[in-house]
Amino acid sequence: MRENIFDLLPILKKWDEGAFHFLPNILLAVLVLILFYALAKIIRKILLKTYVNVRILKKQADVAKLVSSIIYIVLILSGVFLALEILGLESVLTKLLAGAGIIGIIAGFAFKDIASNMFAGLLLNIQKPFKDDDWVMLDGKYGSILKIGWITTSLKSISGQEVYVPNQLIYNSTFTNYSTFNQRRIILKSGVSYGDDLDKVKQVALDEINKIKALLKSPGPDFYFTGIGGYAYNFEVRFWIEFEQQTDYLDAMSEAIMRIKKRFEQENISIAYPVQTLDFGVKGGVNIFDKPIELQR
């Protein structure tokens, strides 16, 4: 038993010497970790405070948190890597980096859509092309914005459902914000019969449009004949209204239709509808007036 203990003494002595020589590196590595941790906390605090104090950046609170968190993590990882290098564990560090690279490649393929949506969400929060309650058209979906998230943007559709649109789809196609200028143009298209006086049609239509309650006087309404159709002279009348809700648009469109229809009836102007002309005088045809029409009972 005593011989076994004496055999262990050289090993313990070697460990003691190794620990004695290695102790400064351990203390230095711990000090580096503490310094990088304190530096990361200070920088994150400064960044958040800067975003709060700068008036232009106050609306970018989410972006400030994201940027400060990224810098915080990078500094902590830098401290860990430097501490490992001080301890002489470069091989471990190399293996960790290689493993992280492989994991990163696998994760990149697995979560590429999520990453694309998050990056698009970052752009949306920085650029802010629309805000909550704005009326927009996103990926063919029309409604008011409920929330701009990091992965999806949700909106309330006309029929009352909540629709989630992936952020990458928003930036991969065009989108329209109808609330940007708090104004919206209404374009009413119709047609009148061939027998109507076109100057009178234009005058009557503009006169009624100018009576609409929600009409913006500047710019004023305009009227154009847009074509000669198969059964009508086609026209469109355009005017601007103040726009906050979808009902503003619908009320103004409804009032315009009702006013024009009623006034056209008073002025004996015919709103055109599809008609078909029969020509019996063409070659090979029969004139219906050559013979008396007999009604069979």
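Throughout this document, residue positions are counted from 1 along each chain, in the order its sequence is written. In view of the model being predicted, local features appear only for residues whose pLDDT reaches at least 70, and side-chain atom pairs are presented and counted only at 80 or more, with totals across whole chains, interfaces and linings using the full set of residues. Only heavy atoms go into the side-chain values, all of them from the structure, while hydrogens and water stay out.

### Thoughts on the overall build of the protein
Only DSSP runs of H or I with at least four residues qualify as helices, and only runs of E with at least two residues qualify as strands; both kinds are numbered from the N terminus onward. Secondary structure summary: the protein contains 7 helices and 8 strands in total. Think of it in three bands: with a 1.4 Å probe and only protein chains considered, a residue is buried below 20% of the maximum accessible area for its type, exposed above 50%, and partly exposed in between. Looking at the protein as a whole, 25% of its 297 residues qualify as buried. Contacts are assigned to residue pairs that have any heavy atoms within 4.5 Å of one another. In the protein, of all internal contacts separated by at least 6 residues, the share reaching a separation of at least 24 is 62%. Taken as a whole, the protein presents about 21200 Å² of accessible surface, with 62% of it coming from carbon and sulfur. Per-residue accessibility takes into account occlusion by the displayed protein chains alone, with areas from the Shrake-Rupley method and a 1.4 Å probe.

### Examining the nonpolar core
Residues grouped as a nonpolar core are buried Ala, Val, Leu, Ile, Met, Phe, Trp, Tyr and Cys residues, joined through side-chain atoms within 4.5 Å. Counting 24 residues, the largest nonpolar core has I186, I209, F239 and F264 as its most contacted members. For this core, the elements supplying multiple residues, two or more each, are β6 (183-192), α6 (198-209), β8 (233-242) and α7 (246-266). Looking at this core element by element, the count peaks at 6 residues for α7. Once residues within four sequence positions are removed from consideration, I186 is found in contact with V237, R238, F239, I241, Y249, A252 and M253. V136, L155, V165 and I170 belong to the second largest nonpolar core, which has 9 residues in total.

### So, the sheet that holds strand β1 (residues 135-138)
Read across the open sheet, the 5 strands follow the order β4-β3-β2-β1-β5; overall the sheet is antiparallel. Among the strands making up the open sheet, the edge pair consists of β4 (162-166) and β5 (176-177). Relative to β4, strand β3 (residues 152-157) runs antiparallel, the two sharing 5 bridges. Paired with T153 across the strands is V165, a residue of β4. Paired strands, as defined in this entry, are two strands with at least two bridges between them according to DSSP.

### Things to note about α7
With 21 residues, α7 ought to run about 30 Å at 1.5 Å a step, and its terminal C-alpha atoms sit 31 Å apart, in line with that. Restricting attention to buried positions, one finds in α7 the residues Q246, Y249, A252, M253, E255, A256, I260, R263 and F264. Among the structural elements, β1, β2 (141-148), β6, α6 and β8 are those in contact with the buried residues of α7. Helix span, as expected, comes to 1.5 Å for every residue beyond the first.

### Here's the deal with the pattern of salt bridges
The term salt bridge refers to a side-chain nitrogen of Lys or Arg lying within 4 Å of a carboxyl oxygen of Asp or Glu. Considering all chains together, one arrives at 12 salt bridges under this definition. With a closest N to O distance of 3.4 Å, K200 and E267 form a salt bridge. Here the residue K200 occupies a position in helix α6, and E267 occupies one in the segment after α7, the gap between them amounting to 67 residues. Residue classification places K200 among the partly exposed residues on the basis of a relative accessible area of 31%. Between D222 and R238 there is a salt bridge, with the nearest N and O atoms lying 3.1 Å from each other.

### A short note on the packing of aromatic side chains
Paired rings are identified among Phe, Tyr and Trp, the last through its six-membered ring, by centres lying within 6.5 Å, and are further divided according to the angle between planes into stacked (under 30 degrees), edge-to-face (over 60) and tilted (the rest). Applying the stated rule across the entire model yields 9 aromatic pairs. Centroid distance W135 to Y142: 5.6 Å. Interplanar angle 35°. Geometry classified as tilted. Note on accessibility: W135 and Y142 belong to one class, buried. Taken together, a centroid distance of 5.0 Å and an interplanar angle of 20° make the contact between F223 and F235 stacked. With a gap of 12 residues between them, F223 in strand β7 (residues 222-228) and F235 in strand β8 connect regions that are remote in the sequence. Residue F223 is classed as buried on the basis of its relative accessible area of 4%. On the basis of relative accessible area, F235 is assigned to the buried category, the value being 2%. Grouped by ring-pair contacts, the aromatic residues F223, F225, F235 and F264 constitute a single cluster. Charge-over-ring contacts are defined here by two conditions on Lys NZ or Arg CZ: a distance within 6 Å of the ring centre and an angle within 35 degrees of the ring normal. When the ring centre of Y178 is taken as origin, the NZ or CZ atom of R184, which lies over that ring, is 4.4 Å away. One cation-aromatic arrangement involves R184 over F243; the distance from NZ or CZ to the ring centre is 5.3 Å.

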